[in-house]
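The primary structure of each chain is shown beneath.
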Amino acid sequence: MNLVPMMWIAWAAVALVTACLYAYRTSLTRDEEGQIFLDDAFNHEKAAQEQIVAKVNRVEPAVRVCLGLTVLMTLLVIVYYGWGAAKAIMY
């Protein structure tokens, strides 16, 4: 198989996973409060907020890795086509 379709398929797969992780993280943080002041009567709210934070903290490393891979693969695509254009201009 040719390199170009494999490169685009790999890029699309990583970009799709990154987008899905961002969507999941956004759905988690939709109900998160930035700052709340709670007394003992609202311990259930505090527990819910702590669960949200724990889930976000668990998915955050995967988001960063996938974002880094997406950036790296995007640069690879740009370099590939830039190299081809440079070769075409030189010859």
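Residues numbered from 1 in each chain as written. Predicted model: local features only at pLDDT ≥ 70, side-chain atom pairs only at ≥ 80, totals over all residues. Heavy atoms only, no water.

Explain the packing of helix H1 (residues 3-29) against helix H2 (residues 43-90) to me, please; I cannot follow it from the model alone.
Each pair of packed helices can be summarised by the angle the axes make with each other and by the distance between the axes. Taken N-terminus to C-terminus, the directions of H1 and H2 make an angle of 155°; their axes are 8 Å apart at the nearest point. As summarised for this structure, H1 and H2 are arranged roughly antiparallel, according to the angle between their axes. Of the two possible hands of crossing, H1 and H2 adopt the one that is left-handed. When the residues that make up the contact of H1 with H2 are grouped by side-chain class, the tally is 25 nonpolar, 4 polar and 3 charged. (Axes fitted to C-alpha atoms, helices over the stretch in contact; angles between N-to-C directions. Helix = DSSP H or I, 4+ residues; strand = E, 2+ residues; numbered from the N terminus. Parallel < 35°, antiparallel > 145°, perpendicular 65-115°, else oblique. Left-handed = near helix turned anticlockwise from the far one by under 90°. Nonpolar A, V, L, I, M, F, W, Y, C, P; charged D, E, K, R; others polar.)

What am I meant to see in the pattern of salt bridges here?
Opposite charge on two side chains permits them to pair, given that their charged atoms come into close proximity. By the definition in use, this model includes 2 salt bridges. A salt bridge links Glu-60 to Arg-25; the nearest nitrogen and oxygen atoms lie 2.9 Å apart. Linking Glu-60 in helix H2 with Arg-25 in helix H1, this pair joins segments that are 35 residues apart in sequence. Just as Glu-60 is buried, Arg-25 falls in that class too. Taking the shortest distance from any N to any O, the salt bridge between Glu-60 and Arg-64 comes out at 3.5 Å. Residue Glu-60 and its partner Arg-64 are both found in helix H2; the two are separated by 4 residues, about one turn of the helix. Using a relative accessible area of 19% as the deciding quantity, one classes Glu-60 as buried. Relative accessible area serves as the criterion here: at 60%, Arg-64 is assigned to the exposed category. Three or more residues are tied together by salt bridges with common partners; here these are Arg-25, Glu-60 and Arg-64. (Salt bridge = Lys/Arg side-chain N within 4 Å of Asp/Glu carboxyl O. Buried < 20%, exposed > 50% of the residue type's maximum accessible area, 1.4 Å probe, protein only.)

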